[in-house]
Amino acid sequence: LPQSDAAIHCLRQLPPSAPCGPLLCVGDENGGIRLWDTRMCGSHDVSAISKNGGRKGACVMSWEDNEDYISGFEHNADGTTLLASSADCTMSIMDIRKAINPQTRKESFRQSDNQEDELLSIQLLKHGKKVVCGTQQGVLAVWSWGIWGDVSDRFPGHPASIDALLKVDEDTILTGSSDGLIRLVQLHPDKLLGVLGEHDGYPVEKLQFNADRSFVGSSSHDNLIRLWDARFLNDDFDGDEDDEDEEEEDTKIGGVVAAAAPSKTKHESDDDWSDDEEEEEKDDDDMDEDSDDDDDGNGEEPTANDRRSKRLKTDNEKFFEDL
């Protein structure tokens with residue numbers, strides 16, 4: 001790529017279904033946003049240059065409206081809209097369909113209200129209906145798709161800035177914070193589920209799954225890339241079934257022991273009241289079992305995030321463990 005005055009801060013490639021094709025989105029430290037056609041990089045073909053408006057380069061679109069560095073990119077499923085979070089406290093929205101048309105290019109750029117809080121990361125959730133940004137003050141700022149002025153919701157709770165976001169499913173994300181912790185967070189309803197891992201107090205800058213989503217990689221200022229077991233985050237994880245099998249085995253062993261224990265006969269009773277007491281206790285046990293069955297019938301099935309939270313430590317548990 002041709003040299004630029006500003007250092008590159010983030011990259012993202014649009015999907016092939018985008019109106020302009022799979023262009024490479026580049027955000028720099030000065031707030032500039034450029035879209036590059038990598039097929040034209042270093043090209044001296046006259047036909048390629050003419051298709052690019054006479055420019056001898058692969059940069060086919062650019063915007064210079066942000067006043068501080070671009071911290072992240074996100075786009076919708078078909079690549080028609082590009083979103084960019086920035087440290088100038090705004091989110092930028094670019095309509096690619098208007099951008100490729102010279103007559104409507106000026107109308108392709110929009111910007112959110114100033115949030116008075118740096119936007120350091122961005123992620124799309126709820127099947128494209130919600131946009132989530134991590135902020136300098138540890139708040140998750142949430143926009144509703146298409147309503148780009150002000151946020152529709154705010155989720156505080158992180159004690160430090162949220163520098164990285166990774167989507168787990170449509171309701172759940174992993175957050176990387178400057179306090180070094182990687183947290184699992186549920187949105188709508190909002191809930192901190194637990195801590196996946198940590199970088200010993202060093203800020204977490206990037207989170208990413210491997211190809212089969214069995215591990216999460218995290219990079220930090222400690223110059224290390226750490227891998228975390230993320231199999232339990234997948235919908236097809238069968239760890240709960242293994243736990244149930246172990247519980248069933250324990251129950252069977254307990255049943256054998258109970259059956260092998262000798263029991264007193266009627267004539268071996270300590271006194272004449274023992275039989276009546278045993279019958280009363282049996283009736284009470286039957287009533288307790290009936291009430292338990294009723295409670296189980298009225299109880300709700302645990303959600304995927306309920307099962308995930310059982311395998312994670314809370315912030316408080318992590319704090320006391322470190323002590």
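Residues numbered from 1 in each chain as written. Predicted model: local features only at pLDDT ≥ 70, side-chain atom pairs only at ≥ 80, totals over all residues. Heavy atoms only, no water.

Draft legend 1. Looking closely at the pattern of salt bridges. Tallied over the entire structure, the rule returns 11 salt bridges. Residue Lys126 pairs with Asp171 through a salt bridge whose shortest N-O separation is 2.6 Å. A residue pair is termed long-range when its members are at least 10 positions apart, and Lys126 in the loop between strand S9 (119–125) and strand S10 (130–135) and Asp171 in the loop between strand S13 (162–169) and strand S14 (172–177) qualify at 45 residues. Between Asp200 and Arg226 there is a salt bridge, with the nearest N and O atoms lying 3.1 Å from each other. One end of the pair, Asp200, is in the loop between strand S16 (191–198) and strand S17 (204–209); the other, Arg226, is in strand S19 (residues 225–229), and 26 residues separate them in sequence. Residue class for Arg226 comes out partly exposed when judged on its relative accessible area of 21%. Connected via shared salt-bridge partners are Asp28, Arg34 and Glu64. (Salt bridge = Lys/Arg side-chain N within 4 Å of Asp/Glu carboxyl O. Helix = DSSP H or I, 4+ residues; strand = E, 2+ residues; numbered from the N terminus. Buried < 20%, exposed > 50% of the residue type's maximum accessible area, 1.4 Å probe, protein only.)

Draft legend 2. Representation of the layout of surface pockets. Quantified by volume, the largest pocket comes out at close to 760 Å³. Looking at the largest pocket, it is lined by 23 residues, and the ones nearest its centre are Phe73, Ile122, Leu165, Lys206 and Leu207. Of the residues assigned to the lining of the largest pocket, the class counts are 11 nonpolar, six polar and six charged. (1 Å grid on protein atoms, 1.4 Å probe; cavity = no way out; pocket = protein on both sides within 12 Å on 5 of 7 lines; lining within 4 Å. Points joined across faces, edges and corners; volume = space filled by probe spheres on them. Nonpolar A, V, L, I, M, F, W, Y, C, P; charged D, E, K, R; others polar.)

Draft legend 3. Highlighting the confidence of the model for the protein. On average, residues of the protein carry a pLDDT of 80, and 70% of them reach 70 or more. Ranking the elements of the protein by mean pLDDT puts helix H1 (residues 46–51) last with 44 and strand S6 (residues 81–86) first with 98. Confidence drops under pLDDT 50 across residues 46–56; counting only partners more than four residues distant or on other chains, this segment forms 12 contacts. The low-confidence segment residues 291–297 (pLDDT under 50) makes zero contacts with residues lying over four places distant or belonging to another chain. (pLDDT = per-residue confidence, 0-100. Contact = heavy atoms within 4.5 Å.)

Draft legend 4. Seen up close, the packing of aromatic side chains. All chains considered together, the criterion is met by one aromatic pair. When the ring centre of Phe209 is taken as reference, the NZ or CZ atom of Arg213 above it lies at 4.1 Å. (Phe/Tyr/Trp six-rings, centres within 6.5 Å; stacked < 30°, edge-to-face > 60°. Lys NZ or Arg CZ within 6 Å of the ring centre and 35° of its normal.)

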